[in-house]
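Listed below are the residues making up each chain.
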Protein chains: 4
Amino acid sequence: MSRTELLRDFLRVRQLSEKMCEPLTIEDYVPQPIEDVSPPKWNLAHTSWYFETVLLKTHLADYECFHPEYAFLYNSYYESFGERWKRPQRGHLSRPTVKEVYQYRQHVNTHMEHLIETVDDSQWSTCKQLIELGIHHEQQHQELLLTDLKYILGVNPVYPAYLRPVEISETTVPPAEYVPISGGLYEMGHHGDAFAYDNEFPRHPVHVADFKLQNRLVTNGEYLEFVEDGGYRNFEFWLSDGWTALNNEHWEAPLYWVQQDSEWYEFTLRGLQKLNRSAPVCHVSYFEADAFAHWADQRLPTEAEWEVAAQQTQLSPKSGNFYDDGYLHPVPLHTKTPDDSSSLFQMLGDVWEWTNSAYLAYPGYCKEPGPLGEYNGKFMSNQMVLRGGSCATSADHIRLSYRNFFQPEKRWQFMGIRLAERC
Amino acid sequence: MSRTELLRDFLRVRQLSEKMCEPLTIEDYVPQPIEDVSPPKWNLAHTSWYFETVLLKTHLADYECFHPEYAFLYNSYYESFGERWKRPQRGHLSRPTVKEVYQYRQHVNTHMEHLIETVDDSQWSTCKQLIELGIHHEQQHQELLLTDLKYILGVNPVYPAYLRPVEISETTVPPAEYVPISGGLYEMGHHGDAFAYDNEFPRHPVHVADFKLQNRLVTNGEYLEFVEDGGYRNFEFWLSDGWTALNNEHWEAPLYWVQQDSEWYEFTLRGLQKLNRSAPVCHVSYFEADAFAHWADQRLPTEAEWEVAAQQTQLSPKSGNFYDDGYLHPVPLHTKTPDDSSSLFQMLGDVWEWTNSAYLAYPGYCKEPGPLGEYNGKFMSNQMVLRGGSCATSADHIRLSYRNFFQPEKRWQFMGIRLAERC
Amino acid sequence: MSRTELLRDFLRVRQLSEKMCEPLTIEDYVPQPIEDVSPPKWNLAHTSWYFETVLLKTHLADYECFHPEYAFLYNSYYESFGERWKRPQRGHLSRPTVKEVYQYRQHVNTHMEHLIETVDDSQWSTCKQLIELGIHHEQQHQELLLTDLKYILGVNPVYPAYLRPVEISETTVPPAEYVPISGGLYEMGHHGDAFAYDNEFPRHPVHVADFKLQNRLVTNGEYLEFVEDGGYRNFEFWLSDGWTALNNEHWEAPLYWVQQDSEWYEFTLRGLQKLNRSAPVCHVSYFEADAFAHWADQRLPTEAEWEVAAQQTQLSPKSGNFYDDGYLHPVPLHTKTPDDSSSLFQMLGDVWEWTNSAYLAYPGYCKEPGPLGEYNGKFMSNQMVLRGGSCATSADHIRLSYRNFFQPEKRWQFMGIRLAERC
Amino acid sequence: MSRTELLRDFLRVRQLSEKMCEPLTIEDYVPQPIEDVSPPKWNLAHTSWYFETVLLKTHLADYECFHPEYAFLYNSYYESFGERWKRPQRGHLSRPTVKEVYQYRQHVNTHMEHLIETVDDSQWSTCKQLIELGIHHEQQHQELLLTDLKYILGVNPVYPAYLRPVEISETTVPPAEYVPISGGLYEMGHHGDAFAYDNEFPRHPVHVADFKLQNRLVTNGEYLEFVEDGGYRNFEFWLSDGWTALNNEHWEAPLYWVQQDSEWYEFTLRGLQKLNRSAPVCHVSYFEADAFAHWADQRLPTEAEWEVAAQQTQLSPKSGNFYDDGYLHPVPLHTKTPDDSSSLFQMLGDVWEWTNSAYLAYPGYCKEPGPLGEYNGKFMSNQMVLRGGSCATSADHIRLSYRNFFQPEKRWQFMGIRLAERC
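Every value quoted in this text rests on a predicted model; they were computed, and no experiment measured them.

Conventions adopted
- Residues numbered from 1 in each chain as written.
- Chains lettered and ligands numbered in written order.
- Predicted model: local features only at pLDDT ≥ 70, side-chain atom pairs only at ≥ 80, totals over all residues.
- Heavy atoms only, no water.
- Helix = DSSP H or I, 4+ residues; strand = E, 2+ residues; numbered from the N terminus.
- Rg over C-alpha atoms; globule rule 2.2 N^0.38 Å.
- Buried < 20%, exposed > 50% of the residue type's maximum accessible area, 1.4 Å probe, protein only.
- Areas by Shrake-Rupley, 256 points an atom, 1.4 Å probe, with all protein chains shown as cover.
- Pairing = 2+ DSSP bridges.
- Contact = heavy atoms within 4.5 Å.
- Buried area = accessible area lost by both parts, 1.4 Å probe.
- Salt bridge = Lys/Arg side-chain N within 4 Å of Asp/Glu carboxyl O.
- Polar contact = N/O pair within 3.5 Å; in protein donor to acceptor, adjacent residues only side chain to side chain.
- Nonpolar A, V, L, I, M, F, W, Y, C, P; charged D, E, K, R; others polar.
- Least-squares fit on C-alpha atoms with pLDDT ≥ 70 in both.
- Axes fitted to C-alpha atoms, helices over the stretch in contact; angles between N-to-C directions.
- Parallel < 35°, antiparallel > 145°, perpendicular 65-115°, else oblique.
- Left-handed = near helix turned anticlockwise from the far one by under 90°.
- Expected span 1.5 Å × (residues − 1).
- Bend = angle between axes of the 7 residues up to and from the residue.
- Domains from an automatic or database assignment.
- Phe/Tyr/Trp six-rings, centres within 6.5 Å; stacked < 30°, edge-to-face > 60°.
- pLDDT = per-residue confidence, 0-100.

Undergrad: Looking at this structure, how should I read the overall build of chain A?
TA: Scanning chain A from N- to C-terminus turns up 9 helices and 11 strands. Computed over its C-alpha atoms, the radius of gyration of chain A comes to 22 Å, within 12% of the 22 Å expected for a compact globule of 423 residues. Each of the three principal axes of chain A carries a C-alpha extent, and together these read 65 × 50 × 40 Å. Relative to its full complement of 423 residues, chain A shows a buried share of 61%. Put simply, chain A shows about 16,100 Å² of open surface, and 48% of that area lies on carbon and sulfur atoms.

Undergrad: Is there a simple way to think about the sheet that holds strand 10 (residues 404-406) of chain C in this case?
TA: Note on sheets: strands pair through backbone hydrogen bonds, and any given pair is parallel or antiparallel. All names here are of chain C. Here 4 strands make up an open sheet; going across it, the order is 10-9-8-11 and the pairing mixed. Each edge of the open sheet is held by one strand with a lone partner, namely strand 10 and strand 11 (415-416). Examined bridge by bridge, strand 8 (residues 352-358) and strand 9 (residues 384-387) share 3 bridges and lie antiparallel to one another. Bridged to tryptophan 354 within strand 9 is leucine 386.

Undergrad: I'm lost on the interface of chain A and chain B in this one. Help?
TA: Quoted interface sizes are often the accessible area lost when the parts come together. At the interface, 28 residues of chain A touch 28 residues of chain B. Between chain A and chain B lies a buried interface of about 2,400 Å² when both sides are counted; carbon and sulfur atoms form 63% of it. In this structure, the connection of chain A to chain B is made through 2 salt bridges. Residues arginine 95 of chain B and aspartate 28 of chain A are paired through a salt bridge, measuring 2.6 Å at the closest nitrogen-oxygen approach. Taken together, the links from chain A to chain B amount to 10 residue pairs in polar contact (both at pLDDT 80 or more). When residues of the side of chain A that touches chain B are traced back to their parent elements, those giving at least two are helix 3 (70-73), helix 4 (98-118) and helix 5 (121-154) of chain A. Here the residues of the side of chain A that touches chain B sort into 15 nonpolar, 8 polar and 5 charged.

Undergrad: Even after reading the chapter, I still don't get the relation of the copies chain D and chain A, so can you show me in this structure?
TA: Between the two chain copies there is a screw-like relation: a rotation about an axis and a shift along it. Note on the identical chains: chain D maps onto chain A by a rotation of 180 degrees and an axial translation of 0.0 Å, with an RMSD of 0.0 Å. In short, the pair behaves as if placed about a two-fold rotation axis. Scanning chain D for the C-alpha nearest the rotation axis identifies asparagine 382 of chain D, at a separation of 2.4 Å. The residues that chain D uses at the interface reappear at the interface of chain A in 97% of cases, marking a shared surface.

Undergrad: Explain the packing of helix 1 (residues 3-20) of chain B against helix 5 (residues 121-154) of chain B to me, please; I cannot follow it from the model alone.
TA: Axis angle and axis distance: for two packed helices, these are the angle between their axes and the distance between the axes, and together they describe the pair. Residue and element names in this part refer to chain B. Axis separation between helix 1 and helix 5 bottoms out at 10 Å; the angle between their running directions is 20 degrees. Between helix 1 and helix 5, the angle is such that the two are roughly parallel. Judged by the sense of rotation from one axis to the other, the crossing of helix 1 with helix 5 is left-handed. Two secondary-structure elements touch here, helix 1 through Arg3, Leu6, Asp9, Phe10, Val13, Arg14, Leu16, Ser17 and Met20 and helix 5 through Asp121, Trp124, Lys128, Ile131, Glu132, Ile135, Glu138, Gln139, Gln142 and Leu146. Taken together, the residues that form the contact of helix 1 with helix 5 break down as 9 nonpolar, 3 polar and 7 charged.

Undergrad: Looking at this model, I keep getting lost on the pattern of salt bridges. Mind explaining?
TA: Oppositely charged side chains may form a pair once their charged atoms are brought near each other. All names here are of chain D. For the structure shown, the criterion picks out 88 salt bridges over all chains. With its nearest N and O atoms 2.7 Å apart, the salt bridge here joins arginine 105 to glutamate 18. Highlighted residues: arginine 105 in helix 4 (residues 98-118) and glutamate 18 in helix 1 (residues 3-20), separated in sequence by 87 residues. A relative accessible area of 0% means that arginine 105 is categorised as buried. With relative accessibility at 24%, the residue glutamate 18 sits in the partly exposed group. Glutamate 187 is paired through a salt bridge with arginine 203; the nearest N and O atoms lie 3.3 Å apart. With a gap of 16 residues between them, glutamate 187 in strand 2 (residues 184-188) and arginine 203 in the loop between strand 2 and strand 3 (204-208) connect regions that are remote in the sequence.

Undergrad: Would you explain the environment of histidine 137 of chain B in this entry?
TA: All names here are of chain B. With respect to the helices and strands, the residue histidine 137 is situated in helix 5. In the structure, histidine 137 is positioned 208 residues away from phenylalanine 345 in sequence and 28 Å away in space, judged by C-alpha atoms. The contact partners of histidine 137, leaving out residues within four places of it in the chain, are His46, Thr47, Tyr50, Tyr197 and Tyr375.

Undergrad: Would you mind going over unusual backbone geometry with me for this structure?
TA: Trans peptide bonds make up the majority, and among non-glycine residues the majority have a negative phi. The amide bond that connects arginine 95 of chain C to the next residue, proline 96 of chain C, takes the cis arrangement and shows omega of -10 degrees. Turning to its location among the elements, proline 96 of chain C is positioned in the loop between helix 3 (70-73) and helix 4 (98-118). Phi is positive for leucine 328 of chain C, close to 60 degrees, though the residue is something other than glycine. Relative to the helices and strands, leucine 328 of chain C is located in the loop between helix 9 (303-312) and strand 8. Using a relative accessible area of 5% as the deciding quantity, one classes leucine 328 of chain C as buried. Phi is positive for serine 262 of chain D, which is not a glycine, with a value near 55 degrees. The residue serine 262 of chain D is located in the loop between strand 5 (257-260) and strand 6 (263-268) in this model.

Undergrad: It is not clear to me how helix 2 (residues 40-59) of chain C should be interpreted in this structure. Could you clarify?
TA: Because each turn of an α-helix spans 3.6 residues, side chains separated by three or four positions end up pointing in the same direction. Residue and element names in this part refer to chain C. The terminal C-alpha atoms of helix 2 lie 28 Å apart, and with 20 residues this matches the ideal 28 Å at 1.5 Å per residue to within 8%. Largest kink in helix 2: about 35 degrees, centred on glutamate 52. Buried residues dominate helix 2, accounting for 18 of its 20 residues.

Undergrad: Whenever I open this one, the interface of chain D and chain A confuses me. Can you help?
TA: Taken residue by residue, the interface counts 34 residues in chain D and 33 residues in chain A. With both sides pooled, the region where chain D packs onto chain A buries about 2,800 Å², and carbon together with sulfur makes up 59% of that total. Run the count over chain D and chain A and you get 0 salt bridges. Linking chain D to chain A there are 8 residue pairs in polar contact (both at pLDDT 80 or more).

Undergrad: Is there a simple way to explain the side chain of serine 38 of chain C in this structure?
TA: Inspection of the secondary structure assignment puts serine 38 of chain C in the loop between helix 1 (3-20) and helix 2. Take serine 38 of chain C: its relative accessible area is 3%, and that puts it in the buried class.

Undergrad: It is not clear to me how the relation of the copies chain A and chain B should be interpreted in this structure. Could you clarify?
TA: Note on the identical chains: chain A maps onto chain B by a rotation of 180 degrees and an axial translation of 0.0 Å, with an RMSD of 0.0 Å. In this assembly, 100% of the residues forming the interface of chain A have copies in chain B that are likewise at the interface, indicating an isologous arrangement.

Undergrad: What should I look at first to understand the pairing of strand 9 (residues 384-387) of chain D in this one?
TA: For a regular strand, the rule is simple: side chains alternate between the two faces of the sheet. Residue and element names in this part refer to chain D. Residues Met384 and Leu386 of strand 9 are buried on one face, and the alternating residues Val385 and Arg387, pointing to the opposite face, are buried as well. For strand 9 and strand 10 (residues 404-406), the ladder comprises 3 bridges, and the chain directions are antiparallel. Opposite valine 385, over in strand 10, you have phenylalanine 405 as the bridge partner.

Undergrad: Would you take a moment to explain the domain arrangement of chain A for this structure?
TA: All names here are of chain A. Partitioning chain A into structural domains gives domain 1 (3-154) and domain 2 (178-416). At the junction of the two partners, domain 1 supplies 28 residues and domain 2 supplies 31 residues. In this assembly, domain 1 packs against domain 2 so that about 2,700 Å² is buried in total across both faces, 61% of it on carbon and sulfur atoms. Summed over the shared surface of domain 1 and domain 2, the number is 2 salt bridges. Here domain 1 and domain 2 share 19 residue pairs in polar contact (both at pLDDT 80 or more) between them. Considering each element in turn, the side of domain 1 that touches domain 2 owes the most residues, 17 residues, to helix 5. Of the residues assigned to the side of domain 1 that touches domain 2, the class counts are 12 nonpolar, 8 polar and 8 charged.

Undergrad: I tried to follow the arrangement of the chains on my own but got confused; where do I start?
TA: Separated without contact, chain A and chain C have their nearest C-alpha atoms at a distance of 15 Å. Separated without contact, chain B and chain D have their nearest C-alpha atoms at a distance of 15 Å.

Undergrad: I keep staring at the packing of aromatic side chains and nothing clicks. Help me out?
TA: The relation between two aromatic rings is expressed through the spacing of the ring centres and the mutual angle of the planes. Under the criterion given, the structure shown has 152 aromatic pairs over all chains. Centre to centre, the rings of tyrosine 70 of chain D and tyrosine 74 of chain D are 5.4 Å apart; their planes meet at 85 degrees, and the pair counts as edge-to-face. Judged by relative accessible area, tyrosine 70 of chain D falls into the buried class, the value being 3%. Within the aromatic cluster, the residues linked to one another by ring pairs are Tyr223, Phe226, Tyr232, Phe237, Trp238, Trp257, Trp264, Phe292 and Trp295 of chain A.

Undergrad: Help me understand the sheet that holds strand 5 (residues 257-260) of chain A in this model?
TA: All names here are of chain A. The strand order 5-6-7 describes an open sheet built from 3 strands, whose pairing is antiparallel. The sheet is open, and its two borders are formed by strand 5 and strand 7 (271-274), each paired with just one other strand. When the angles between neighbouring strand axes are averaged without regard to direction, this sheet yields 35 degrees. Direction of pairing for strand 5 relative to strand 6 (residues 263-268): antiparallel, over a ladder of 4 bridges. Of the residues in strand 6, the one forming a bridge with valine 258 is tyrosine 265.

Undergrad: Please clarify how the confidence of the model for chain A should be interpreted in this entry.
TA: Should pLDDT be low for a region, the predicted coordinates there are not to be read in detail. Here chain A shows a mean pLDDT of 95. Residues at 70 or above account for 96%. Interface predicted TM-score (ipTM) for the complex: 0.96; the corresponding pTM is 0.96.

Structure follows, in C-alpha cells:
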C-alpha cells in the first residue's frame, strides 16, 4: 500500500469515529456505568494516544505532545508505556472536555499526515505496519464506542435513542437446518499478505470430525422459548460459573430485554422496540449461549469448526449485516440472503458468534516483543473466542480468521448464537 | 413573612444555584467520582424535585409533572416517596441533559410562583413552612454543589479551576490564645421565631464545666507541623477507626494537599495553589482533627461548649468568611478581624468546626411524622456534629444553633479545627 | 488489697475461665464464624498474653516466654506491642492446640504467682494496678468467651447446647410502669477507691431534665408484637443506617430467634428453646432497640439518665441475674424481684441495656499514655454505650458507672432494651 | 469386577482416608483458612455423604440416614440434591465432632457392605458403576485432604509438620533436554474398559505438529533463577490476569516458599525445610508456570501434546513418585529414574503439570444426565488442564488420559511445570 493510500485509509477511519459521535449530546461522552464501558470521549482520545505514542513521539522529529498529562490519562493497559489513570475511574473525569478531545484528535491527525508524507524511507516499513495496526485498533474502538454508548443509554430509565427507528418487518424465518461438514485435516489461521492480528498466526493444520452446523443464527423467538420454558430457573442447563453469574447478576433474559405489561421489548441503538422474534438474539453471554445449547440438546461449535465451515462457503463481507449497512442491530435472515438450502447464512455480520473454544495461542504463536506484545498476547486466559463480526463492525475490518475474545460472562457486545449438532 | 417576600426569597435562592453553575462546562455536570459526591446536574434537579413533590403535586390543582421518570430519578433517600435510582449510580446517567434539567427548574419555578400567589389561605401556613424548608434545603445543596464540584475537579490530574485565583497574601497569624469560659448551667438549641431545623429543638439546659477555647482556627502551618512530625505515621495520636481509615485510604495529609518537588500545594476552587500557612486548615476528617488535637495535647470542644462560647461573643454572620464573600476558601485571620484579645474569631464561616459530640437527639426531640421526619431525624447514628458554617455556606443560612453532621471519616466538606484546652 | 488477696483473686478468675470451658469439645475451641467472634482458645491465650506481656516480661527477672510466636499470635489490637496476627484470621489456626494453650495458661499462672510473691516493693504499686486491670480484662473476656461460643454453636444447624436446659416457667409479667425521676444537676462517673476503668473518670456534674423510665426490661412478648406488627418491614421506625443494616443482613427478628412451623424458638446456651414471652428480649442491636422504641412511641434513655436513675434505687449486684446465677440467659422478672411498685427492676444483670448515648470521653478524661491508652480510649467513635451488665457478666465485675460499648449494629452480646418515656 | 473385589477396594480406600488422618490433632480437622480449602472433617464426611446419597438412600431398602442434617451439611455443590451449607462457611462449624464424623463413616461403611453383598442383581450394574465412581471420588478427596491440610498447617506461623522429615539429599540434576516428538494425527482420550471419568471420553483423533518436550520437570533451582532475575517484578513475562493476581495477592515466589535471613525455605508436609534446588518446583499457578516459560523463552505444552508424548514412553504409575511412595513431596529426578537419554522422566507423579489447554469438552462429549452430570461437566469454563498426578495422588488413581483442572490462579495443589520448546 502506498503512502497516499494509507493516508487516505487513515483519514477515512479517523473521520468515521467522529461521524459516529454526531448524534451524541455532550453529556453522553462522559459516563462509565460499569468498568467494561469506557466513556465515548475516552475512546476518541485513546485511539489518538496510540498514534501519538507509537508513531509521533518516536518517528516524527521535534514532535510536541498536545498535553503533558494525556499520556497518563489515555494509556489503556500498556505496562510498557508506564503508569496510567485507573480503568474503573475513566468516568470520574469531566476534563479534558469533548472539545479539547476533538482538538487533540485534530492535532494528531495533522502531525500524522505530516509523518506519513515525510518520514524517511528507512522508517517507512516500520511506520506502515504501526499505522495499519493503529487503523484496525481504531476500528475496534469504533465498535466499542457503539456498544459502550448503547450501555450508557440502555441503563438509563428514560431509554434515549442514539438514532431514529427504522422499520424492520417481523416476518417468519424458516426453521434452522443443520448443514453437514465433512471432517478431516484442514488449515486454519490467517494466510495471504493482507493485514491480520498476530493472534491469527500461524496458519496451521487442525483436525475436525464430521459435524453439522446450523445454517443461520438463533432467533429471538427461539431464545424466548428457552426463557419461557424456565431456562433461567433450571440449573441443569448451566455451567457452574454460569449459574453463579446468573444468580449474582439476577439474569432473567438477555441484556437489554425488558418486559412491560407481559410484552417483551428490547433496547436498541434506535430506542426501545418490541422484540422482533425473527431477528437473531444478541447480547447473551457465553454462559447463556451454552445453556441455550444444552436446553436445545445441541452444542456450540469450536472455533476450528466455525472457520472450516466458513471456508467452505462463498462468503464475502458484503453479504453480512455490518455497521456499513446502517441497521446497527441484527436483522432477520430474509432481508438479505438467497434461497440456497445448503448454504450457511449470517456467518459474517449481525452478531459475534460464541464458540466453544478458549482464547489461547495457536501452535507456534509467539507474542511480539515490546509494547505490541501487549496488544493481544497477554489476554490469553479466561476468555472465549467469538467469530464473524457484528452489525457494529465495519465490513472492511472482518476476516474469516478474525478471533474476537471476551470473558464468558460478558454481554454488552453484539454477541449471539449458532448451534452445532450435539452428538 | 408575606407571600411576596417568600416568593422573592424563593426566586433569589433558586437563581443562585444556577449562577453558581455558570463557570461549569457541560461535562462538569455529569460525573460522580465517589458515592458521596453527586453530579451537579443531580443537585440542580433534586432541589427542584423537592418543590414538585412536596408542594406542586399536593397543593397545586391540576399540576402536571414535567417528566414521569423524574420522581424516580431525583428522589434522594425518602422511603416515603417510594423507589428511587440508586445513589452510587447517579453518575451513570448522561440524560436528562443539562439543558433539560434547566427546563425542569424553570417549569418548577413557574408553577411555584403560581402556587405562592394563588394557593388558598387555608393551605398557606402549611405551604409556607414547606417552602421555607425547601429554600434552606436548596441552600444546603448549594454548599454540596460547590464541594461536590471541588471533588470532581480535584481528583482530575489536570486540576481544572472553577474560578480564577485571587491574591491572598501570606501574612503571619499570631499564636492562638485560649479564651476561658466559665462553666455552669446554660441553654442551648434554637430560640426565637426564625426558621430552624427540627434537630435544633428543643432549647434545653445543659451543664458545662469551666473550659478554654482557642480564639481562632488551626492554620495550615500548624497542621503542617503535625504532618512533618510524623503525625500520619504514629498510631498513638489516632482513634482505632481513624488509624484503620488512614491505612485503608492511604492518608498522608488533608484531602487536596499535594506535594510536588518537596513543596506543598492545595487544590482549591480557584485551582492548585501554594499552601498558605496562615489560612485555616480544611478538608480534614474528624479522625484527623482528633489526632491533631492529641498530638497538640489538647482536645476538640463539645458542641455544647461551642454553642455556649458562641453565645458569649458578639457574633454576626457578617463577621465571617461565607460564600457571599467570594473567596470560596478559608482565609487567614488578619484579613477580617479586630484586635480584641479576649474575642473568639472565625467562629462563623471559613470552615465547619468538628466537635467532639455525636449527632444525637436533644432531650425532648421528636422526629416529625411523615416524609419530613426523614430529613434530619433518621441520620442520628455514627455521625459527629460540626458547627459554624463555612466559606461555601450562604451567610443567611447559618445560625449559632445550626447542627451540621457527617461521618467521622468524611473530608470533602470545608471541615476544620478549633481546639479546646485538654484538662 | 494485700498481695495474698490479689493472688487469690487472680487465681480465682483464671480458674473460672477454664471452668467455663469444661463443657466444650476440642472442636468448639477453634472456629471464628464472623470477625467479631474469637475462637475460645484465642480468648484463653490472649488473656494470658496480657499478663505475660505487661507483667512477666517487664517485672519478672529472667522470665522466659512460653513460646516465641505467641506474642505475635495473641496480641489483639495493641499497636504498642507490635505486629500481630490479623483479627479476621484467628479461626484459621489449628495450632497451638487446646492442650498447648492450657499449658501456656499454667506457665503464666505459675510465674505470676512467683511475681506477686516476690516482686520488689518499689514495683508493687505498678504491678498491683496492672494485675487488677488484667483480672478485669479476663472477666471481660469471660463474657466474650460465652457470647462467642454461643455464636459458634448458634450458627450451626444442629444447634448444639453448651449446657443442659433448666426449667423456666413462663408466667405473666405485669405491664411495665414508668417511674418518674426528677431532673436537676447530678453527678455521674466513678467515685470511691475501688477499681474502675479509665473511661468512667472523672466523676462530673451532668444536668438531666425530668424523665420517666420503665421499671423493667422489655420482654420477648412485647418485642414479638413489634415483629408481628411488621416492624421489620416498615422503614418509618428505623434509623437510616439501621434500615440499611436490616436489608443487608436480612434481619427479621432478634439474633437467635428461629421460626419453625409458625412457632418461635430462641437459641440459648442451653439449646434451642421455645420463646419465653415473659423473659427480657436479648440479642438486639441498637438499631433494633431504637426502632422498637419508635414503634412504641417511646425512646431509649441516655447513659446519664440511666446512671442517675440507678443511683436512686437501692441496687446491689446481688439483685441481678448474673453469670454467677447460672441461668446464662435473661429470666422473667417475677423469679427474682420484690413487689415495690416504685422500684426499678432488672437494672443490673440479665441484659446490657442500650442507651441513646455515644461512647465518648467524659469532660476532663485523658487517655492514659502508653499501651494502656489503647485499652479504652482509642475506641471512642461510632459506638453506643450499654449499661448494667448481663447474665454472662460476673457479679463482681459490674458497677453502676460501668460503660460498655459496641457498634450500633452488633447483636451477639446479651443486649436488651429498657424504654424511657418519649416527650 | 466381582462384588467381593469391589467391596475390598471400597474398604481399602475408605480406610486409607482415615489412616491419612492419624497424625492430625482434633483441632486440625476444623479450620477453613480460604474458601478452596475444606476442613479435613468435611472431606471425611462429604465422601461418606456421596455413598449415603447416591447408593444407600436409593438402593438399600429401609435405610435410615445417620443424621437428618448431614444431607444439608455435606452436599458439596450438587444442585440436584437440594440446598446445602454454604461453601465459604465450612470452617464455621465445630459440630459434628470428629468422633461423630468417624461414626458416620462407620455407619455408611457397614450399610455399604450390606448393600454390596445383598443388592439385587438387577441393580448391581448401576450400583457397581456408582460405587466405582465413589471410590475414585474418595481418592480425589484424599489428595484434597492432604493439600487442604498442608494449607491449614502452612498458613500457621508456627509451621506444624504433618509427618517427620525424611532425608532427601540435594544432588545435582543434569540440565533438562528437549525430546523431539513427531507431529501427525494421533488419538487421545480414554480407551479400554477400565474406569475413567466421563470427561476423558470420547477417544478422538487430534493433530499435533512436531514438538519438543523437556525430559524432566522444572526444578526449584531453575525457578529460583527466575525469581532472582526479577521475574515477579517484570510484567513482560505475565499474562494480564496473572499480573493482576500477582499484584493483588502479593506473590513473590511459589506458595509455601519462605525467605529467612536471605535463605530460602519451603513449607512441606514434613515441616519447614531448606529449599531443595534439585527437586521439582511445586505450588505454582498456571500464571506463574506460563510466566516462567516466557522468561525461559519456551512455552507450556498443550494437553494433546502431553498425552501424545506420554503414550510414546513406556510409563507405568510404578515409575512415579506417588502418595504410595510416602515422600508427600516431589523428589529430585535421580532418586527414581534410569539413564536413558531419550526418555521422558517424571511424567507421572511428583507434580500435576500445567498444560496450555483450557478444560473443555472433547468433541462428541455429552454431559451425563442427572446428578452425575454435575460431577465434571459443569466446570468446563475458566479452568486449565493439568496432567500426570502428583506425590499426593494414589498410584492406582492416575491414568495417561486423566484430566485434572483448576483455575489458573490456584496454587494449593502440587502443581508444577514441564516446558515445551517455543517455536
